[in-house]
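Descriptive structure summary
Take a look at the letters that make up each chain.
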Amino acid sequence: MTPLTPPEALLERREFPVDHWRVTPVSATAHSEVILVHGLGEHSGRMMPLARQLASLGYNCRVPDLPGHGGCGGEFHHAVIEAYLHSADATEVIDRLEALPDDLRREAEQDNHQQLGALYRTSFDEIIETVEQLTAWSCIDGNDANRPHFIWGHSMGGLASLHAACRIDRDFTSAPTGLILSSPAFAPPPNEDALLLRLITTQAMWLSSITPLKPLAALQRLGLRLLRLEEDARWASNHVSDLPSETFLHAVDPYHRHRIPLCFAARLLSWMASSRARARNLRTPVFTFGPGYDPIVSTAGTRIVTASLRESLDPLRPHRLDVHEQMRVHDLVRSSCGNAITTRVHQWMRGNG
């Protein structure tokens with residue numbers, strides 16, 4: 001499909017070291033590398049508007065579909081990614097998606113069925129390994145090894161990015177220059193309408209935080225998998241952004257997963273519980289931002305984890321926690337304050353923090 005607006009970034013599909021999309025400036029010149037990691041139930045397309053904006057600022061971006069998420073690289077999948085990348089706003093993305101042929105939509109249905117089954121079998125460790133492998137490759141890629149490189153993780157992607165950074169933090173050859181966390185999922189939702197999920201998450205979080213009781217948490221996750229219980233996450237669309245077009249796009253996105261296996265959601269809890277301890281030993285500079293109140297992940301977890309960070313070893317990039325108190329939505333980059341946030345993070349990444 002011909003873009004309705006001139007392309008501000010180039011797109012290509014890569015398969016090594018993991019399947020991901022490569023977004024680069026049209027000028028083919030870049031000063032830094034960024035890995036963009038999407039959230040739970042989302043896919044790489046959701047990060048493409050940010051990738052386009054960063055490419056216009058001189059960044060090369062790698063954007064993976066995490067295990068159990070996104071499409072499988074077919075024609076419809078490519079068209080959805082291009083719609084996100086080349087559209088000026090959410091309204092234009094919606095128009096492009098609606099214009100896609102109906103016969104191709106069966107591809108999305110097949111992809112979603114396949115990926116949902118994969119998500120039941122996916123451990124969160126596999127999610128972390130995807131980010132870790134992509135980060136390590138970004139550091140040694142012959143064309144990019146000498147550039148500063150960053151990880152930018154949103155929500156669950158922020159949780160995975162923190163743990164990936166902790167694993168490679170002490171290897172100077174692959175440690176990222178900085179870590180950006182957008183509304184990171186360090187704690188479950190503050191209020192949950194579903195009584196079953198509220199009880200499960202509260203109990204599993206408590207079990208996961210006490211080492212002798214972790215086997216009980218594992219048994220609970222196994223039980224959820226055997227029962228094949230799923231959480232209806234359609235409520236999250238109303239809390240993603242303060243822009244109506246963004247909330248509507250979130251609801252109609254053909255690759256957005258609105259049903260999440262509870263067994264997979266429960267697997268996140270032990271990693272949430274261990275985030276504070278891991279953060280104490282992290283040396284990578286961290287820029288964290290989030291709303292004053294987040295209906296999808298508790299901001300209390302963000303405050304606790306960021307308070308545990310030791311002083312940044314990079315004087316140009318001190319640790320930062322930007323709380324946008326007036327905001328009450330989850331995805332600030334896709335909200336009315338998005339441009340201001342991206343500009344602020346860009347300044348920090350460039351060493352003007």
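Below or above, wherever it landed, is the structure these notes cover. No experiment lies behind these values; they were computed from the predicted model shown.

Rules behind the numbers
- Residues numbered from 1 in each chain as written.
- Predicted model: local features only at pLDDT ≥ 70, side-chain atom pairs only at ≥ 80, totals over all residues.
- Heavy atoms only, no water.
- Helix = DSSP H or I, 4+ residues; strand = E, 2+ residues; numbered from the N terminus.
- Expected span 1.5 Å × (residues − 1).
- Buried < 20%, exposed > 50% of the residue type's maximum accessible area, 1.4 Å probe, protein only.
- Contact = heavy atoms within 4.5 Å.
- Polar contact = N/O pair within 3.5 Å; in protein donor to acceptor, adjacent residues only side chain to side chain.
- Salt bridge = Lys/Arg side-chain N within 4 Å of Asp/Glu carboxyl O.
- Phe/Tyr/Trp six-rings, centres within 6.5 Å; stacked < 30°, edge-to-face > 60°.
- Pairing = 2+ DSSP bridges.
- Right-handed = clockwise from strand over helix to strand, strands pointing away.
- Arc of directions from axis to C-beta.

Below, the discussion takes up helix H6 (residues 156-168). Compared with an ideal rise of 1.5 Å per residue, which puts 13 residues at 18 Å, H6 spans 19 Å between its outermost C-alpha atoms and is within 8% of the ideal. With 12 of its 13 residues buried, H6 lies for the most part within the structure. Along H6, the residues classified as buried are Met 156, Gly 157, Gly 158, Leu 159, Ala 160, Ser 161, Leu 162, His 163, Ala 164, Ala 165, Cys 166 and Ile 168. Those residues of H6 that are buried lie in contact with strand S3 (32-37), helix H5 (124-140), strand S5 (149-154), strand S6 (178-182), helix H10 (262-279) and helix H11 (299-307).

Assignment of secondary structure puts Arg 167 in helix H6. C-alpha separation for the pair Arg 167 and Ile 128, spaced 39 residues apart in sequence, amounts to 9.4 Å. At a separation of 2.3 Å, a polar atom in the side chain of Arg 167 contacts the side chain of Asp 125.

Another point: the pattern of salt bridges. What the rule picks out here adds up to 15 salt bridges. The salt bridge partner of Glu 92 is Arg 96, with a shortest N-O separation of 3.5 Å. Note that Glu 92 and Arg 96 are positioned in helix H3 (residues 90-99) at a spacing of 4 residues, about one turn of the helix. When sorted by exposure, Glu 92 lands in the same class as Arg 96, which is buried.

Once that is clear, we can look at the packing of aromatic side chains. For the structure shown, the criterion picks out 6 aromatic pairs. Centroid distance Phe 16 to Trp 137: 5.1 Å. Interplanar angle 90°. Geometry classified as edge-to-face. In this pair, Phe 16 is assigned in the loop between strand S1 (9-14) and strand S2 (20-25) and Trp 137 in helix H5, connecting sequence segments 121 residues apart. Considering the side-chain rings of Phe 124 and Trp 271, the 5.9 Å spacing of their centres and the 55° angle between planes classify their relative orientation as tilted. Taken together, the residues span a long stretch of sequence, with Phe 124 in helix H5 and Trp 271 in helix H10 at a distance of 147 residues.

As a further point, take the pairing of strand S10 (residues 320-324). As paired strands, strand S9 (residues 286-291) and S10 are joined by 5 bridges and run parallel to one another. Residue pairing in the sheet places Phe 287 in a bridge with Arg 320 of S10. Each parallel crossover has a hand, and for S9 linked through H11 to S10 it is right-handed.

Here the focus is helix H9 (residues 244-252). All of the buried residues in H9 are Glu 246, Thr 247, Leu 249 and His 250. Within H9, the buried residues cover an arc of 160° as seen down the axis, which keeps them to one side. Taken together, the buried residues of H9 touch helix H2 (75-86) and H3.

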